[in-house]
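Structure assessment
Chain by chain, the residues:
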Amino acid sequence: MVLALTVCGIVVALVVVGLFVFGLRRRLIQRSGGTFDCSLRWNAPRDGDPSGKGWAYGVARYNGDRVEWFRVFSYAPRPRRVLERSAIEVAGRRVPEGEEELALLSDHVVLACLHRGTRLELAMSEDALTGFLAWLEAAPPGQRVNVA
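Under the annotation held in an unreviewed UniProt entry, the protein chain carries the name DUF2550 domain-containing protein and is attributed to Streptomyces bullii.

**Section: the sheet that holds strand β4 (residues 66-71)**
Spatially, four strands are ordered β1-β3-β4-β5 in an open sheet, and the strand pairing comes out antiparallel. Edge positions in the open sheet fall to β1 (35-37) and β5 (81-84), since each of these has one partner strand only. Ignoring strand direction, the axes of neighbouring strands in this sheet form an average angle of 25°. Examined bridge by bridge, β1 and strand β3 (residues 58-63) share three bridges and lie antiparallel to one another. From the neighbouring strand, F36 faces β3, where its bridge partner is A60. Taken strand by strand, helix α1 (residues 2-31) contacts β1, β3 and β4, and its axis lies near 30° from that of β3.

**Some details on the state of the cysteines**
As enumerated under the stated definition, the model contains zero disulfides in all. The thiol of C38 is unpaired, and the distance to the nearest cysteine sulfur, on C113, comes to 9.0 Å.

**Concerning the confidence of the model for the protein chain**
Residue-level pLDDT values for the protein chain average 87, and 93% of them are 70 or greater. Per-element confidence in the protein chain is highest for β5, whose mean pLDDT is 95, and lowest for α1, whose mean pLDDT is 83.

**Thoughts on the pairing of strand β7 (residues 108-115)**
For a regular strand, side chains alternate in direction, first toward one face of the sheet and then toward the other. Taking burial as the measure, the eight residues of β7 include seven buried ones, the bulk of the element. In terms of strand pairing, strand β6 (residues 88-94) meets β7 through six bridges, oriented antiparallel. Pairing of R94 across the sheet is with V110, part of β7. Bridging between β7 and strand β8 (residues 118-125) involves eight bridges; their strand directions are antiparallel. Across the sheet, the residue bridging to V110 is A123, located in β8.

**Digging into the pattern of salt bridges**
All told, the structure shown has nine salt bridges when counted by the stated rule. The partner of E68 in a salt bridge is R61, and the shortest N-O contact between them spans 2.6 Å. Taken as a pair, E68 and R61 share a single burial class, namely buried. Note that R66 and E68 form a salt bridge whose closest N and O atoms lie 2.8 Å from each other. Judged by relative accessible area, R66 falls into the partly exposed class, the value being 32%.

**What to know about the nonpolar core**
Where a protein is soluble and globular, its nonpolar side chains tend to be buried together. With 22 residues, the main nonpolar core has L122, M124 and F132 as its most contacted residues. Counting residues per element, the ones that place at least two in this core are β4, β6, β7, β8 and α3 (126-137). The element best represented in this core is α3, accounting for six residues. For L122, the residues in contact, after removing those within four places along its chain, are C38, S39, L40, W55, L83, V109, V110, L111, C113 and F132.

The rules we used
- Residues numbered from 1 in each chain as written.
- Predicted model: local features only at pLDDT ≥ 70, side-chain atom pairs only at ≥ 80, totals over all residues.
- Heavy atoms only, no water.
- Pairing = 2+ DSSP bridges.
- Helix = DSSP H or I, 4+ residues; strand = E, 2+ residues; numbered from the N terminus.
- Axes fitted to C-alpha atoms, helices over the stretch in contact; angles between N-to-C directions.
- Contact = heavy atoms within 4.5 Å.
- Disulfide = S-S within 2.5 Å.
- pLDDT = per-residue confidence, 0-100.
- Buried < 20%, exposed > 50% of the residue type's maximum accessible area, 1.4 Å probe, protein only.
- Salt bridge = Lys/Arg side-chain N within 4 Å of Asp/Glu carboxyl O.
- Core = buried A, V, L, I, M, F, W, Y, C linked by side-chain atoms within 4.5 Å.

Rendered as structure tokens:
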């Protein structure tokens with residue numbers, strides 16, 4: 001009985017510590033500001049995929065001429081993907097379709113892009129999309145930016 005209580009206590013303590021570290025990581029990512037909720041699908045299919053497969057929920061952060069993307073459900077302190085402003089080409093936007101609506105947050109819009117030849121899709125709110133497109137177009141003089 002004592003052993004069972006000890007094991008349960010250790011499990012509960014580990015869960016609490018894990019959740020605390022999880023929340024602390026998110027707070028550290030958002031500390032510098034310029035963050036927004038953003039789901040990402042890397043190597044996206046050319047015509048979209050209404051099955052919703054491949055989407056990962058994350059937080060994106062502006063950092064100079066880059067957008068750093070962090071997985072939400074991760075303990076990694078570094079971004080999973082880094083997108084350089086000069087390498088992003090916007091191919092179009094659309095609303096989520098089919099099962100994809102269940103994989104993404106309800107008010108998100110999908111932005112199809114190319115980054116150094118890799119097709120990817122970003123899903124974000126309308127407000128975040130407006131800010132993202134404004135950030136792309138605000139590139140310093142002399143940089144090539146393709147926004148459709």
